[in-house]
Amino acid sequence: MHIKVDVERCVGGGQCVLSAPRLFDQDDDDGTVILLAQPEPGEEDDARQAARVCPAAAIEIID
Amino acid sequence: MRIEMPVWPFPRERPLDPPDRLTDLRATCPVSKVRMYDGGQAWVVTRYDDIRTVLGSDDYSSVNTWKYQPSASRAEAERGEHSFTTMDPPDHTHFRKMLTRHFTVKRVAELRPVVQTIIAEAIDRFGALPQPADLVAELAYPIASRTMCHLIGVPYEDREWFEERAEIRSVIDADPAEAAQATIDLLEYVDRLIGQRLDEPQDDLISKLAHELLVPGRLTRPELVATVRLLLTAGHETTATMIGTATFVWLTHPEQLAQVQADRTLLPAAIEELLRYISMLHITVVRRAKNATELAGQQISPGDGMIANPAAANKDPAAFENPDLFDIHRDARHHIAFGFGVHQCLGQQVARLELNSVFGVLFDRLPNLRLAIPAEQVEFGNSNLIGVQSLPVCW
């Protein structure tokens, strides 16, 4: 699994940080998404959850 | 034969369940024409996926949706009053990104000690009142107001004045002239506060926004005034109503309350389920179709009004099994109680912080908290938000 984030689309809702805090953070300046890491085995569900609840469709999961 | 077009909003038979008519439409004709109170028409969208599509897709606009809004917003639109909630990208993006840094998960977590102190003091004062007392007016509003006043930098002594004006604006059948005057009053009030903070900055959001955005010319003064006005009213009635209504749900589901009391790790998921189950936004949100498109078999024309209501999405059985059941053990995290798309609630982490903090201590501090009247007699309000108007309790 591979995650791609689109900072231009991101509105800084923070849903990804709640879903997968090890994978996502928010930029201190404008709140947009920062991808901290690609998912390790066992983190796929959290990554999928983050993509599912992102309000701006800024997270893409590539299997 | 002419079939009478249903009038929006549909009446609710039971305060916390979606209108039966909406549930019927979801099963029979999931995107349907409805008549608005002023005679105009719009589409009501009833399925979770379709509602997410309307709120999340660039085919639908937030500009000029006032025609489909209750009177306060209409009065505002007629005055040409705009905040970033009625803009599309890229204008919206420009505004929102200036504010988001103050509402990230990390920044909001820093507020936790202050919010916990506000809550502890509010519960102490509440517990000392003669019984029964109204939990909404005496506990929920003080918590929500103090938190917002602290965050934004508004004097708490002014709270009754601006809460009254915020309420005038949110009543469904508000008098447009009165709603417009309430808006003008609030804008003038905010403008004065901004003026003060330009001269004497404090550690609050008004000061930060004034110096980060207004001084370097990233926002004009009317733009900043409209933005702060929105922040001031957006986090008040919403969180207060949610605290009161959630308390009602806990008191009418004592077994689930006992489970959370016994195992506090269940609380964050339970808060998401409360947000889903209560779904306060029961009339809005509204969008306008930008392009000709098809939705659930209906031909949507450019300019059509679309009612994409989060409460309808959150009670769709395709997205949540037995949706009308309150169940803290379900995974409710994909609810859209805070909306969906680029306009999803900016302050949602503040709301989560307040709700988790309140229900982390309320029933420990007041273990005998109970309704002072039968549950059926609890009054639900006539506003943009569904929720308890007052909640008489003993403890």
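Above this text sits the structure in question.
Note that the structure is predicted; figures quoted are calculated from it, not measured. (Residues numbered from 1 in each chain as written. Chains lettered and ligands numbered in written order. Predicted model: local features only at pLDDT ≥ 70, side-chain atom pairs only at ≥ 80, totals over all residues.)

A few points about the overall build of chain A
How we decide: Each helix is a run of DSSP H or I of at least 4 residues and each strand a run of E of at least 2, with the numbering of both proceeding from the N terminus. When we talk radius of gyration, it's over C-alpha atoms, and the globule rule is simply 2.2 Å times the number of residues to the 0.38. Between the buried cut of 20 or more and the exposed cut of 12 or fewer other C-beta atoms within 10 Å of a residue's own C-beta lies the partly exposed class, and all C-beta atoms are placed from the backbone. Placing a C-beta atom from the backbone of each residue, one calls two residues in contact when those atoms lie within 7 Å.
Summing up its helical and strand segments, chain A has 2 helices and 4 strands in all. When the elements of chain A are put in sequence order from the N terminus, they spell out β-α-β-β-α-β. Whereas a compact globule of 63 residues would reach a radius of gyration of roughly 11 Å, chain A reaches 10 Å, a difference of no more than 12%. Taken along its principal axes, the extent of the C-alpha atoms in chain A is 30 × 20 × 15 Å. Split into buried and exposed, the 63 residues of chain A put 41% on the buried side. Long-range contacts, defined here as pairs at least 24 residues apart, represent 55% of the contacts in chain A between residues at least 6 apart.

Observations regarding the sheet that holds strand 5 (residues 286–289) of chain B
Residues and elements named next belong to chain B. Put simply, the test is: Strands are treated as partners if at least two bridges between them are detected by DSSP. Comment: axis = line fitted to C-alpha atoms, over the contacting stretch for helices; angle = value between 0 and 180 degrees taken between N-to-C directions.
With respect to topology, 5 strands assemble into an open sheet ordered 1-2-8-5-3, the strand pairing being mixed. Looking along the sheet, the strands with just one partner apiece sit at the ends: strand 1 (31–35) and strand 3 (60–61). Across 3 bridges, strand 2 (residues 41–45) lies against strand 8 (residues 305–308) in parallel orientation. The residue bridging Trp43 from the neighbouring strand is Met306, located in strand 8. Against the sheet, helix 2 (residues 48–56) contacts strand 1, strand 2, strand 3, strand 5 and strand 8, and its axis sits at roughly 125° relative to strand 8.

Quick look at the environment of Ala140(B)
Residues and elements named next belong to chain B. Along the chain, Ala140 turns up in helix 7 (residues 135–153). Residue classification places Ala140 among the buried positions, given that 29 C-beta atoms sit within 10 Å. Separated by 250 residues in sequence, Ala140 and Ser390 place their C-alpha atoms 9.9 Å apart. Ignoring sequence-local partners within four residues, the contact set of Ala140 consists of Leu135, Ala240, Ile243 and Gly244.

As for unusual backbone geometry
Residue Pro90(B) is bonded to the preceding Pro89(B) through a cis peptide linkage, with omega at 5°. Mapped onto the elements, Pro90(B) comes out in the loop between helix 3 (71–78) and helix 4 (91–100). Omega for the peptide link from Thr284(B) to Val285(B) comes to 20°, which places this bond in the cis form. By the secondary structure assignment, Val285(B) is in the loop between helix 14 (267–278) and strand 5. The backbone phi angle of Ala57(A) is positive, close to 55°, even though this residue is not glycine. Given 16 C-beta atoms within 10 Å, Ala57(A) falls into the partly exposed group. We note that Asn322(B) has phi near 45°; this positive angle belongs to a residue other than glycine. With respect to the helices and strands, Asn322(B) occurs in the loop between helix 15 (310–314) and helix 16 (348–365).

Focus: the nonpolar core
Heads up, the condition is: Joining buried Ala, Val, Leu, Ile, Met, Phe, Trp, Tyr and Cys residues through C-beta atoms within 7 Å gives a set, and that set is a nonpolar core.
In this structure, Ala50(A), Val45(B), Ala140(B), Ile143(B), Ile243(B), Met306(B) and Ile307(B) are the most contacted members of the largest nonpolar core, which totals 123 residues. For Ile243(B), the contacting residues outside a window of four places in its chain are Ala140(B), Ile143(B), Ala144(B), Leu355(B) and Val358(B).

Quick look at the sheet that holds strand 9 (residues 370–371) of chain B
Residues and elements named next belong to chain B. Across the sheet, which stays open at both edges, the 3 strands sit in the order 4-10-9 with antiparallel pairing between neighbours. The two strands at the open ends of the sheet, each matched to only one other strand, are strand 4 (133–134) and strand 9. Where strand 9 lies against strand 10 (residues 392–394), 2 bridges are found, and the strand directions are antiparallel. Looking at strand 10, one finds that Leu371 is bridged to Val393.

Details of the packing of helix 12 (residues 237–251) of chain B against helix 16 of chain B
All names here are of chain B. Counted only if it meets this: In these notes the angle categories are as follows: under 35 degrees is roughly parallel, over 145 is roughly antiparallel, 65 to 115 is roughly perpendicular, and the rest is oblique. Working rule for handedness: look at the near helix, and if it is turned counterclockwise from the far one by less than a right angle, call the crossing left-handed; if clockwise, right-handed.
Look at helix 12 against helix 16: their axes get within 11 Å of each other, and the N-to-C directions meet at 30°. The angle between the axes of helix 12 and helix 16 places the two elements in the roughly parallel class. Crossing hand, helix 12 versus helix 16: right-handed. Only Ala351, Glu354, Leu355, Val358 and Phe359 of helix 16 make contact with helix 12, whose side of the interface consists of Thr238, Thr239, Met242, Ile243 and Ala246.

Describing the pairing of strand 1 (residues 2–5) of chain A
Residues and elements named next belong to chain A. Here strand 1 shows a clear split, with Ile3 and Val5 buried on one side and none of His2 and Lys4 buried on the other. Pairing analysis gives 4 bridges linking strand 1 to strand 4 (residues 59–62), with the strands arranged antiparallel. Its bridge partner being in strand 4, Val5 is matched across the sheet by Ile59.

Remarks on the interface of chain B and chain A
Put simply, the test is: Three classes are used, and their members are as follows: Ala, Val, Leu, Ile, Met, Phe, Trp, Tyr, Cys and Pro are nonpolar, Asp, Glu, Lys and Arg are charged, and the others, Gly among them, are polar.
Counting from both sides, the interface comprises 17 residues of chain B and, opposite them, 17 residues of chain A. The set of elements that each furnish at least two residues to the side of chain B that touches chain A consists of helix 4, helix 5 (105–109) and helix 16 of chain B. Of the residues belonging to the side of chain B that touches chain A, the class tally is 4 nonpolar, 8 polar and 5 charged.

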